[in-house]
Amino acid sequence: ASQTQYSLKRIQASTLFNDTTYEALINDITSLANTIGCTSTTPPWTSIYINGDSQNFHSDATHGPMAWTYSLTLDEHYSS
């Protein structure tokens, strides 16, 4: 699957959420990251996946050695 499809459906999370929600998200992510020895995070992206989209193993080396995903999908709608 092409990563191009994925990259065309992304926006900075700060443009999707209001300031209060975005700041709470960053605070929660940073607090969690601190528990495993990380001290900061890059600004998060928001992506949409529709039928046929996927993301494969890849490296975003410029963003660091780890990544996280926070899904807004309802459990009954999630499939792997």
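Right above here is the structure, for reference.
Reading guide: rules and limits
Residues numbered from 1 in each chain as written. Predicted model: local features only at pLDDT ≥ 70, side-chain atom pairs only at ≥ 80, totals over all residues. Heavy atoms only, no water. Helix = DSSP H or I, 4+ residues; strand = E, 2+ residues; numbered from the N terminus. Buried < 20%, exposed > 50% of the residue type's maximum accessible area, 1.4 Å probe, protein only. Contact = heavy atoms within 4.5 Å. Areas by Shrake-Rupley, 256 points an atom, 1.4 Å probe, with all protein chains shown as cover. Patch = residues over 30% accessible without salt bridge, like charges linked within 9 Å, V, L, I, M, F, W, Y side chains within 5 Å. Salt bridge = Lys/Arg side-chain N within 4 Å of Asp/Glu carboxyl O. Phe/Tyr/Trp six-rings, centres within 6.5 Å; stacked < 30°, edge-to-face > 60°. Lys NZ or Arg CZ within 6 Å of the ring centre and 35° of its normal. Expected span 1.5 Å × (residues − 1). Arc of directions from axis to C-beta. Polar contact = N/O pair within 3.5 Å; in protein donor to acceptor, adjacent residues only side chain to side chain.

1. Focus: the overall build of the chain
Working step 1: Along the backbone of the chain there are three helices and two strands.
Working step 2: Ordered by position from N to C terminus, the α and β elements of the chain give α-β-α-α-β.
Working step 3: Here the chain holds 80 residues, and the buried ones make up 12% of them.
Working step 4: Once local pairs closer than 6 in sequence are excluded, the contacts in the chain between residues at least 24 apart make up 76%.
Working step 5: Counting only carbon and sulfur atoms, one obtains 56% of the accessible surface of the chain, whose full area is about 6,800 Å².

2. Brief notes about a nonpolar patch on the surface
Working step 1: The grouping of Trp 68, Tyr 70 and Leu 72 at the surface amounts to a nonpolar patch, some 380 Å² of accessible area in total.
Working step 2: Tracing the backbone through its elements, the reader meets Leu 72 in the segment after β2 (45–47).

3. Brief notes about the side chain of Thr 46
Working step 1: Looking at the element boundaries, Thr 46 is found in strand β2.
Working step 2: The class for Thr 46 is buried, based on a relative accessible area of 18%.
Working step 3: Leaving out residues up to four positions away in the same chain, Thr 46 has contacts with Lys 9, Arg 10, Ile 11, Gln 12, Ala 13, Leu 16 and Phe 17.

4. Points about the packing of aromatic side chains
Each pair of aromatic rings is reported with the distance of its centres and the angle of its planes.
Working step 1: What the rule picks out here adds up to zero aromatic pairs.
Working step 2: Over the aromatic face of Trp 45 sits the side chain of Arg 10, whose NZ or CZ is 4.4 Å from the ring centroid.

5. Comments concerning the environment of Ile 11
Working step 1: Within the secondary structure, Ile 11 sits in strand β1 (residues 10–12).
Working step 2: Note: C-alpha distance between Ile 11 and Thr 46 (35 residues apart in sequence) is 5.3 Å.
Working step 3: The residues contacting Ile 11, other than those within four sequence positions of it, are Leu 16, Trp 45 and Thr 46.

6. Description of helix α3 (residues 19–35)
An α-helix turns once every 3.6 residues. As a result, residues three or four positions apart point the same way.
Working step 1: Relative to the 24 Å expected for 17 residues at 1.5 Å per residue, α3 spans 25 Å between its end C-alpha atoms, a close match to the ideal helical length.
Working step 2: Along α3, the residues classified as buried are Tyr 22, Leu 25, Ile 26, Ile 29 and Ala 33. Taken end-on, α3 shows its buried residues confined to a sector of 95°, consistent with a single buried face. Away from the buried face of α3 by more than 90 degrees, exposed residues Thr 20, Glu 23, Asp 28 and Thr 35 are located.
Working step 3: Looking at the buried residues of α3, the elements they touch are α2 (13–16).
Working step 4: Capping the start of α3, Asn 18 holds a side-chain oxygen 3.1 Å from the backbone nitrogen of Thr 20, two or three residues further along.
Working step 5: Looking one or two places after α3, you find Gly 37, whose phi comes out positive at around 95°.

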